[in-house]
Amino acid sequence: MEFTLDIALIRQTLKRELQDARADIGRDGPISALARALTRQDQAIRAAKDADLLACRPGCDWCCHFTIDVRAAEVFTIRHFVDRQFTDAAKARVYAEVRANSQLFASMSEEARATQNVKCPFLVDRQCSIYPVRPQSCRNYHATDAVGCEQSYQDPENQDIDPEFAPEVYQLGLSHVEAFSVALREAGYDADVYELNGAFAAAETLPEARLLFDSKIKPFSGLIGEEPDLQFDDLLP
Ligand code: SF4
């Protein structure tokens with residue numbers, strides 16, 4: 001689907017979110033700052049002019065079988081939520097699924113991984129079991145017709161499916177993610193992008209991972225993240 005970028009909207013969003021994220025990270029650290037950034041991101045998406053066109057509904061879970069990107073700050077936020085909210089049996093199930101998925105992904109090429117459906121370990125009975133702390137990338141789904149999402153699920157190797165989406169939601173959501181990444185990186189924290197299962201498996205086997213992250217050291221040794229590929233880099237203030 002073609003659309004024209006709203007440059008003024010993106011610039012304004014990047015500038016405001018960057019200011020807020022820098023202030024929050026400097027004052028309270030990256031984990032508390034992320035919690036506030038998630039709230040702002042949700043508010044911005046809800047206020048988008050085309051938000052009421054979104055097709056995303058409880059029980060619609062096609063996108064929860066695609067590759068999910070996370071940053072270390074999100075991994076520690078979700079782990080904290082799981083530790084506090086999940087029963088021991090639910091934790092054991094999640095981590096078993098995380099380990100199985102990460103082993104599967106480790107045996108695949110990047111291309112094969114991008115063209116295979118794998119259920120997110122946090123998807124339970126077609127609902128997100130970590131909804132309040134779900135990753136930023138999950139908050140940014142912007143499809144206006146779930147038929148396209150279902151087509152991508154049914155035919156994961158077909159990269160030409162181009163579902164209809166809400167342009168303002170897309171631009172606002174991505175501006176928030178990118179501004180927070182830049183603020184994290186500027187402050188010296190790991191802002192790399194990791195595949196969700198691999199990052200959780202790494203965090204589970206490294207008790208000191210959170211301490212490393214807080215000390216501004218990449219926390220998932222043996223797991224290579226990717227520098228964020230910023231789409232709006234040239235619009236940053
Ligand atoms: S974290 Fe939640 S919203 Fe995101 S893919 Fe998993 S189940 Fe879906």
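Above: the structure in question.
Thresholds, definitions, all that
- Residues numbered from 1 in each chain as written.
- Predicted model: local features only at pLDDT ≥ 70, side-chain atom pairs only at ≥ 80, totals over all residues.
- Heavy atoms only, no water.
- Near = heavy atom within 4 Å.
- Nonpolar A, V, L, I, M, F, W, Y, C, P; charged D, E, K, R; others polar.
- Phe/Tyr/Trp six-rings, centres within 6.5 Å; stacked < 30°, edge-to-face > 60°.
- Helix = DSSP H or I, 4+ residues; strand = E, 2+ residues; numbered from the N terminus.
- Buried < 20%, exposed > 50% of the residue type's maximum accessible area, 1.4 Å probe, protein only.
- Lys NZ or Arg CZ within 6 Å of the ring centre and 35° of its normal.
- Expected span 1.5 Å × (residues − 1).
- Salt bridge = Lys/Arg side-chain N within 4 Å of Asp/Glu carboxyl O.
- Axes fitted to C-alpha atoms, helices over the stretch in contact; angles between N-to-C directions.
- Parallel < 35°, antiparallel > 145°, perpendicular 65-115°, else oblique.
- Left-handed = near helix turned anticlockwise from the far one by under 90°.
- Contact = heavy atoms within 4.5 Å.
- Core = buried A, V, L, I, M, F, W, Y, C linked by side-chain atoms within 4.5 Å.

The next point concerns the site of the ligand. Residues in close proximity to the ligand include C64, I68, C120, F122, L123, C128, I130, P135 and C138, which together make up its full environment. Classifying every residue of the shell around the ligand by side-chain character gives 9 nonpolar, no polar and no charged.

It is worth spelling out the packing of aromatic side chains at this point. In the structure shown here, the tally under the stated rule is 10 aromatic pairs. Both rings, one in F3 and one in F165, keep their centres 5.4 Å apart while their planes meet at 90°; by these two values the pair is edge-to-face. Residue F3 is found in the segment before α1 (7-28), and its partner F165 is found in the loop between α7 (146-154) and α8 (167-186); the two are separated by 162 residues along the sequence. On the accessibility criterion, F165 (14% relative accessible area) is buried. Ring centres of F165 and Y170 lie 5.8 Å apart, and the angle between their planes is 65°; on these two criteria the pair is classed as edge-to-face. An aromatic cluster of at least three residues, connected via ring pairs, comprises F76, Y189, Y194, F213 and F220. Of note, R126 hangs over the ring of W62, and the distance from its end group to the ring centre comes to 5.8 Å.

Attention now goes to α8. Here α8 is 20 residues long and its end C-alpha atoms lie 28 Å apart, about the 28 Å a rise of 1.5 Å per residue gives. Taking burial as the measure, the 20 residues of α8 include 17 buried ones, the bulk of the element. G188 lies just past α8 and shows a positive phi near 95°.

With the rule as written, the count across this model stands at 18 salt bridges. In this structure, the salt-bridge partner of D88 is K91, at a minimum N-O distance of 3.8 Å. Of this pair, D88 and K91 both sit in helix α4 (residues 88-106), 3 residues apart, which is roughly one turn of that helix. When the shortest N-O distance is used, the salt bridge between D214 and R210 registers 3.0 Å. Taken together, the residues D214 and R210, both in helix α10 (residues 209-214) and 4 residues apart, mark about one turn of the helix. Via salt bridges that share partners, E17, D20, D24, R27, D28, R36 and R40 belong to a single interconnected network.

Two packed helices can be described by the angle between their axes and the distance between those axes. At a minimum axis separation of 8 Å, α4 and helix α9 (residues 196-205) run at an interaxial angle of 120°. Classified by the angle between their axes, α4 and α9 sit oblique to one another. Between α4 and α9 lies a crossing whose hand is left-handed. Contacts between α4 and α9 involve Y95, E97, V98, R99, N101, S102 and F105 on the former and, on the latter, N197, G198, F200, A201 and E204. Split into classes, the residues belonging to the contact of α4 with α9 amount to 5 nonpolar, 4 polar and 3 charged.

On to the nonpolar core, then. Membership of the largest hydrophobic core comes to 51 residues, with the highest contact counts inside it found for F122, I130, F180, F200 and F220. For this core, the element with the most residues is helix α3 (residues 72-85), which contributes 7 residues. In this view, I130 contacts I78, F81, V82, F86, F122 and P135; residues no more than four positions away in its chain are not counted.

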